[in-house]
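# Understanding the architecture of this molecule
Here's the letter readout for the chains.
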Amino acid sequence: MQFLLFPFAILAGLMNPLQAGCVATLSKALGRPVMATFLSVVGTLILTLLGSLVLGQFSLGGKAAAVPWWSWLGGVAGAIILISQPVVAQKIGAGPYVAMTVTTATVASIFIDNYGWLGFQQHAASIWRILGAALMIGGVALVAIF
């Protein structure tokens, strides 16, 4: 069953530029980037609500108090990501926007994995992981310049 996780991650990666383009276009049409973000979040809420109902996962089951404080900041992080789409992506283009966000996420992930923060299993920042991130940074430069 774990083999299905990789295609799902690839699908999520494909959704990144699509979402950025949709929210940016909505922002341009409305002239209100934050409102476009809000409308995007409403769509997200509806889909996740339906998914949680279908899968029988709507209840917190009394576990909310045991959750680390920082785990509730995921919504804040999501809002920053979503607001950046209509504000930044439309102006610099889908290629540079996605390249920068994915590369930055990769570099941050290597750092987080190295220390095992945020509940992730610890994975050392090996020379190969660092080299991969450096290559991505070079790729971002090429995408942004050309």
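Numbers given for residues are sequential positions, taken from 1 along each chain in its written order. A pLDDT threshold of at least 70 governs which residues receive local features in this predicted model, and a stricter bar of 80 or more applies before side-chain atom pairs are shown or counted, although totals over entire chains, interfaces and linings include all residues. Neither water nor hydrogens contribute to the side-chain values; these are computed over all heavy atoms in the structure.

### A word on the overall build of the chain
Note the threshold: Secondary structure elements follow DSSP: runs of H or I no shorter than four residues count as helices, runs of E no shorter than two count as strands, and numbering proceeds from the N terminus. In this scheme, a residue with accessible area under 20% of its type's maximum is buried, one over 50% is exposed, and one in between is partly exposed, where area comes from a 1.4 Å probe on protein chains only. By definition, residues are in contact when any of their heavy atoms lie within 4.5 Å. All accessible-area figures derive from a Shrake-Rupley calculation using a 1.4 Å probe, and residue coverage is judged against the displayed protein chains alone.
What the chain contains, in helices and strands, is 5 helices and 0 strands. Helices and strands appear in the chain in the N-to-C order α-α-α-α-α. Taking all 146 residues of the chain together, the buried fraction comes to 16%. Nonlocal contacts in the chain, meaning residues at least 24 apart in sequence, comprise 53% of its contacts between residues at least 6 apart. Approximately 10600 Å² of the chain is accessible, and the part contributed by carbon and sulfur atoms is 77%.

### What about the packing of aromatic side chains?
As a reminder of what qualifies: Working definition: rings of Phe, Tyr and Trp (its six-membered ring) pair if their centres are within 6.5 Å, and the pair is stacked with planes under 30 degrees apart, edge-to-face with planes over 60 apart, and tilted otherwise.
The tally for this structure, following the rule as stated, stands at 3 aromatic pairs. Consider the rings of tyrosine 115 and tryptophan 117, whose centres lie 5.0 Å apart with planes at 20°: the pair is stacked. Pairwise contacts between aromatic rings join Phe111, Tyr115 and Trp117 into one cluster.

### Concerning the packing of helix H1 (residues 5–30) against helix H3 (residues 74–92)
Put simply, the test is: Axes here mean lines fitted to C-alpha atoms, for a helix over just the part in contact, with angles spanning 0 to 180 degrees between N-to-C directions. Every angle not falling under 35 degrees, over 145, or within 65 to 115 is termed oblique; those three ranges are roughly parallel, roughly antiparallel and roughly perpendicular. Charged means Asp, Glu, Lys or Arg here, nonpolar means Ala, Val, Leu, Ile, Met, Phe, Trp, Tyr, Cys or Pro, and polar covers whatever is left, Gly included.
Packing of H1 against H3 brings their axes to within 8 Å, and their N-to-C directions diverge by 75°. In this view, H1 runs roughly perpendicular relative to H3, as classed from their interaxial angle. Residues Asn16, Gln19, Ala20, Val23, Ala24, Thr25, Ser27 and Lys28 of H1 pack against Leu82, Gln85, Pro86, Ala89 and Gln90 of H3. Its residues assigned to classes, the contact of H1 with H3 shows 6 nonpolar, 6 polar and 1 charged.

### Describing the packing of H1 against helix H4 (residues 94–115)
The criterion, for reference: Note on convention: the crossing is left-handed when the near helix lies turned anticlockwise from the far helix by less than a right angle, right-handed when the turn is clockwise.
Relative orientation of the contacting elements H1 and H4 amounts to 130°, with a least axis distance of 10 Å. The orientation of H1 with respect to H4, classified from their angle, is oblique. For the pair H1 and H4, the crossing hand works out as right-handed. Of the residues in H4, those in contact with Asn16, Pro17 and Ala20 of H1 are Tyr97, Val98, Thr101 and Val102. Its residues placed into classes, the contact of H1 with H4 shows 5 nonpolar, 2 polar and no charged.

### Some details on the environment of tryptophan 72
Counting through the fold element by element, tryptophan 72 comes out in the loop between helix H2 (33–54) and H3. Sequence spacing of tryptophan 72 and alanine 125 is 53 residues, and the spatial spacing of their C-alpha atoms is 27 Å. Once residues lying within four places of it in the same chain are set aside, the contact partners of tryptophan 72 are Ala64 and Val67.

### Observations concerning unusual backbone geometry
Not every positive phi belongs to a glycine, and leucine 118 is a case in point at roughly 60°. Position of leucine 118 among the secondary structure elements: in the loop between H4 and helix H5 (127–145).

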